[in-house]
Amino acid sequence: MDKVFALVDCNNFYASCERVFNPSIARRPVVVLSNNDGCVIARSNEAKALGIRMGQPLFECRDLVARHGVHVFSSNFELYGDLSRRVMETLSAFTPDMEVYSIDEAFLDLAGMPGDLTAYCRAMRARVKGWVGIPVSIGIGPSKTLAKAAAKAAKQDPACGGVFDIRGREEETLSGIEVDDVWGVGRRYARLLRRTGILSALDLRNAPDEWVRRHMTVTGMRTVMELRGVSCIPMDDAWQPRKSILCSRSFGRKVYLLEELEEAAAAYATRAAEKLRDQGSAASLVQVILMEFPFNDGFPATRICSGALGVATSYTPDLIRAAKALLGRIYHQGPAYRKVGVMLSGIVARGQVQLDLFRQGREGERELALMRSVDAVNRRWGRGSLEFAASGFRRPWWMRQTHRSARFTTSWKDLPRAKAS
Ligand SMILES: [Mg+2]
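All figures in this text were calculated on a predicted structure; none of them were measured in a lab.

Peer 1: Where do I start with the coordination of the magnesium ion in this structure?
Peer 2: Ideal donor angles around a metal are set by the shape: a four-donor tetrahedron calls for 109.5 degrees, a six-donor octahedron for 90 or 180 degrees. Bound to the magnesium ion on the protein side are Asp9 (OD), Cys10 (O) and Asp104 (OD), at distances that span 2.2 to 2.4 Å. Coordination of the magnesium ion draws on donor residues from a single chain, spaced D-C-x93-D in sequence. On the criterion of sequence distance, the pair formed by Cys10 in strand β1 (residues 5–10) and Asp104 in the loop between β5 (97–102) and β6 (105–109) is long-range, its members being 94 residues apart. When sorted by exposure, Cys10 lands in the same class as Asp104, which is buried.

Peer 1: How do you make sense of the nonpolar core when you look at a structure like this?
Peer 2: Soluble globular proteins: nonpolar side chains tend toward being buried together. Among the nonpolar cores identified, the biggest contains 44 residues, and Phe13, Tyr80, Leu91, Leu108 and Ile134 are the most heavily contacted of them. A per-element tally of this core places helix α4 (residues 77–91) first, with seven residues. Among residues more than four places away in sequence, those in contact with Leu108 are Val4, Phe5, Ala6, Val8, Leu91, Phe94, Thr95, Asp97, Met98, Met124 and Met235. In this structure, Tyr315, Ala322, Leu327 and Tyr337 belong to the second largest nonpolar core, which totals 34 residues.

Peer 1: Explain the packing of aromatic side chains to me, please; I cannot follow it from the model alone.
Peer 2: Working definition: an aromatic ring pair is given by the centre-to-centre distance plus the angle between the planes. For the coordinates displayed, the defined rule picks out nine aromatic pairs. Aromatic side chains Tyr14 and Phe77 sit 5.7 Å apart centroid to centroid with 90 degrees between the ring planes, which places their arrangement in the edge-to-face category. Residue Tyr14 is located in helix α1 (residues 13–20), and its partner Phe77 is located in helix α4; the two are separated by 63 residues in the primary sequence. Residue Tyr14 is classed as buried on the basis of its relative accessible area of 11%. The exposure class assigned to Phe77 is buried, which follows from its relative accessible area of 6%. Where Tyr101 meets Phe107, the ring centres are 5.5 Å apart and the plane angle is 65 degrees; that geometry is what we call edge-to-face. Owing to a relative accessible area of 3%, Tyr101 belongs among the buried residues under this scheme. Relative accessible area serves as the criterion here: at 0%, Phe107 is assigned to the buried category.

What counts and how
- Residues numbered from 1 in each chain as written.
- Predicted model: local features only at pLDDT ≥ 70, side-chain atom pairs only at ≥ 80, totals over all residues.
- Heavy atoms only, no water.
- Donors = N, O, S within 2.8 Å, 3.2 Å for Na, K, Ca; no water.
- Helix = DSSP H or I, 4+ residues; strand = E, 2+ residues; numbered from the N terminus.
- Buried < 20%, exposed > 50% of the residue type's maximum accessible area, 1.4 Å probe, protein only.
- Core = buried A, V, L, I, M, F, W, Y, C linked by side-chain atoms within 4.5 Å.
- Contact = heavy atoms within 4.5 Å.
- Phe/Tyr/Trp six-rings, centres within 6.5 Å; stacked < 30°, edge-to-face > 60°.

Laid out in structure tokens, this is it:
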């Protein structure tokens with residue numbers, strides 16, 4: 001069966017959220033600010049057209065804001081989290097397999113779907129707009145990377161009504177996309193590619209295999225194959241988005257018990273917190289995603305619950321506590337579950353975290369020092385050397401990995417043994 005993926009991307013998500021309950025600003029320039037009202041973290045198209053940049057400090061664009069009557073909002077993660085939940089839950093009825101990719105993006109597996117997929121995605125788009133009020137762009141392609149590129153094209157060309165199927169139009173579409181904007185091409189590789197004269201997504205698609213393998217390793221080759229329409233990145237396996245951190249895996253077997261789901265959620269919250277600290281940032285919003293096993297004749301239910309944190313944090317115990325509380329709100333006994341995920345959004349640099357003067361911030365010096373020590377031990381002795389008891393020790397829910405080779409280089413247990421005779 002031919003593979004087909006759709007990537008659904010909410011347009012200017014935070015700005016669109018502000019418009020849902022404030023239709024008078026539908027065509028007005030809108031910006032949303034980071035936690036402490038410092039920088040612009042989202043812009044409507046009108047605000048982009050004025051030249052307001054992503055991440056620009058508010059004081060720098062004060063003049064533009066005043067002159068053009070730009071509507072300025074402090075970030076409201078409680079609202080964004082809940083609208084994200086509604087978008088995702090609406091989408092999940094359209095496919096047997098969906099991967100929430102970030103707060104405002106999801107991949108849908110459309111393989112084997114009968115009929116006209118563009119029409120199907122138009123219906124999806126109309127339902128999200130009607131039920132939730134958020135405009136989305138949808139790209140369709142034979143690989144996740146091409147679906148991403150198609151979504152970009154859908155956004156750029158108003159003539160396609162928000163849905164673009166790249167199949168049969170790969171060359172012309174890829175030639176219009178800069179190589180920096182290809183999914184999975186990081187800043188470092190983008191610089192190398194530009195220096196080499198590989199400027200567009202099409203150039204990268206046509207780059208010689210040997211050059212790609214030598215300079216961009218096997219992951220780069222994966223991207224190039226994906227651009228050629230060969231799907232190499234399965235559902236549930238993705239490059240990390242920049243604006244969210246998501247840790248999620250399908251279980252190795254059906255899971256029914258809340259206790260097991262809690263262990264998994266705690267393990268993913270722990271991992272997500274490590275990534276967060278690794279990049280020197282803190283999160284303002286926690287979301288838990290829970291996916292049921294598909295029934296024989298029906299679609300799986302995806303449920304999402306989100307909670308805004310009063311103060312952005314990267315302190316693992318707080319993130320575990322939040323994830324478990326959210327899970328408890330969406331869990332119900334009965335169905336078999338196949339996946340749980342923990343997503344952190346509203347990510348800000350550590351230095352930008354606004355401390356609450358009247359409430360002792362939980363993440364004080366002591367908490368920071370504790371996390372630094374835990375991270376240092378795990379770096380030195382291998383991941384999982386120091387763990388939080390909440391994530392369990394037996395982990396019966398862990399994904400099946402019966403064919404995995406030993407972790408020769410990262411686990412003392414798996415160290416290859418040499419014998420002299
Ligand atoms: Mg978006």
